[in-house]
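Per-entry structural report
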Amino acid sequence: MTGTLTIAGLGPGDQALVTPEVSVALAAATDIVGYAPYVARVQAREGLTLHPSDNRMELQRAGDALRLASEGRRVVMVSSGDPGVFAMASAVFEAFEAAPQWQGLAIRVLPGVTAMLAAAARAGAPLGHDFCAINLSDNLKPWPTIEKRLRLAAEADFAIAMYNPRSASRPEGFGRALSVLKEAGCGERLVIFAHAITTPEERIETVMLHQVRPEMADMRTLIIVGNSATRRVGRWVYAPRHAR
Ligand code: SAH
């Protein structure tokens, strides 16, 4: 088997945030596999076959990528941000684990700049102290698990980065998440809404949690809820290095 499967992160949007390592892998690829909007970020060229697919087809997409690689192709599976953060790398390893015939394949995972880091850099340093990240989508986990994790993260006084806060098919979840945090006493915490960071549509706004309206979030928004010490200085938001 001479094929390879490279699982690569394209960063949050700006071409300048695609790492040189990922650019080299894309230039050497014969096939690009991924969710259509991410595949569209790869420049078409002769000798390169693009395989865009729909959202929620992760396992099938992962299986297709492994099969192509097993046929000798140099396959790059693309994700936005980092491929290991709420993205395709886990789906590939699920498919890989279930398929003994592919165990000899050469797989590499190339990191990318995940949305929470790009958003934090724009805001200042809101992740400068202990933090956690949570995916608010309940497609693959029950809602009570999300609520429990939010409650405990608030109690532990982590800053909380929230991915996938709100979509047309899940309009209610974000409002429920806000209620959980309010009940946990987080009403005075600063909340950063980072929309389409590093793209031409970028918008960033910081408000207190009790001022948040659910409509402020959509699927292109990354939210960072500060910890209880997170503060503003001028136009910046940061977490001091000392915990109380
Ligand atoms: N693997 C990706 C995350 C995929 S989940 C990463 O590491 O960034 C998709 C979610 O990521 C979106 O719903 C949004 O919450 C966040 N996201 C991705 N790109 C973003 C961007 N440019 N600006 C703001 N949020 C973004």
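All of the points below concern the structure found in this document. (Residues numbered from 1 in each chain as written. Predicted model: local features only at pLDDT ≥ 70, side-chain atom pairs only at ≥ 80, totals over all residues. Heavy atoms only, no water.)

1. Focus on the pairing of strand S9 (residues 190-195)
A regular strand places its side chains on the two faces of the sheet in alternate fashion. The following threshold applies: Each residue is placed in one exposure class: buried if its accessible area under a 1.4 Å probe, protein chains only, is under 20% of its type's maximum, exposed if it is over 50%, and partly exposed if it falls in between. Each helix corresponds to a stretch of at least 4 residues labelled H or I by DSSP, and each strand to a stretch of at least 2 residues labelled E; elements are numbered beginning at the N terminus. Strand pairing requires that DSSP identify at least two bridges connecting the strands.
Taken across its 6 residues, S9 has 6 buried, putting it largely inside the fold. Relative to strand S10 (residues 203-208), S9 is paired through 6 bridges, and the arrangement is antiparallel. If you follow Ile192 over to S10, its bridge partner there is Thr206. With 5 bridges connecting them, S9 and strand S11 (residues 221-225) associate as antiparallel partners. Across the sheet, residue Ala194 finds its bridge partner in S11, namely Leu222.

2. Some remarks on the packing of helix H6 (residues 143-155) against helix H7 (residues 173-183)
For clarity, the cut-off: In this analysis, axes come from line fits to C-alpha atoms, helices being fitted only over the stretch in contact, and the angle between any two N-to-C directions falls in the range 0 to 180 degrees. By definition, turning the near helix anticlockwise from the far helix through less than a right angle yields a left-handed crossing, and turning it clockwise yields a right-handed one. The contact rule is simple, with two residues in contact once any of their heavy atoms fall within 4.5 Å.
One way to put it is that H6 packs onto H7 with a least axis distance of 9 Å and a crossing angle of 35°. Here H6 and H7 pass one another in a crossing that is right-handed. Within the contact between the two elements, H6 uses Trp143, Glu147, Leu150, Arg151 and Ala154 and H7 uses Gly173, Arg176, Ala177, Val180 and Leu181.

3. Quick notes on the nonpolar core
To keep things clear, this is the line we draw: Only buried residues count toward a nonpolar core, which is a set of Ala, Val, Leu, Ile, Met, Phe, Trp, Tyr and Cys residues joined through side-chain atoms within 4.5 Å.
Counting residues in each nonpolar core, the largest one holds 24 residues, and the members touching the most others are Leu150, Met162, Phe174, Leu181 and Phe193. Looking at this core, the elements that each hand over two or more residues are H6, strand S8 (159-163), H7, S9 and S11. Core analysis: the next-biggest nonpolar cluster, separate from the first, contains 19 residues, Leu68, Ala69, Val75 and Met77 among them.

4. Focus: the site of the ligand
Basically, it comes down to this: A cutoff of 4 Å decides nearness: a residue is near a molecule or strand if any of its heavy atoms lies inside that distance of it. Any pair of N or O atoms that falls within 3.5 Å is considered a polar contact. Within protein, one atom must be able to donate a hydrogen and the other to accept it, and sequence-neighbouring residues count only if both atoms are side-chain atoms. Under the convention used here, a 1.4 Å probe and the Shrake-Rupley method define accessible areas, while residue burial counts only the protein chains that appear. Gly counts as polar in this scheme, as do all residues outside two lists: the nonpolar Ala, Val, Leu, Ile, Met, Phe, Trp, Tyr, Cys and Pro, and the charged Asp, Glu, Lys and Arg. Start and end positions for the domains come from either an automated domain assignment or a database one.
Close to the ligand lie 19 residues, the nearest being Asp82, Val85, Thr114, Met219 and Thr221. Note that a nitrogen atom of the ligand is positioned 2.9 Å from one of the backbone N or O atoms of Ser80. The separation between a nitrogen atom of the ligand and a polar main-chain atom of Val85 is 2.8 Å. Burial of the ligand by the surrounding chains reaches 92%, relative to a free accessible area of 550 Å². When the residues that make up the shell around the ligand are grouped by side-chain class, the tally is 12 nonpolar, 5 polar and 2 charged. Lining the shell around the ligand are residues from two domains, each supplying at least three of them: domain 1 (4-113) and domain 2 (116-238).

By themselves these figures say nothing about function.
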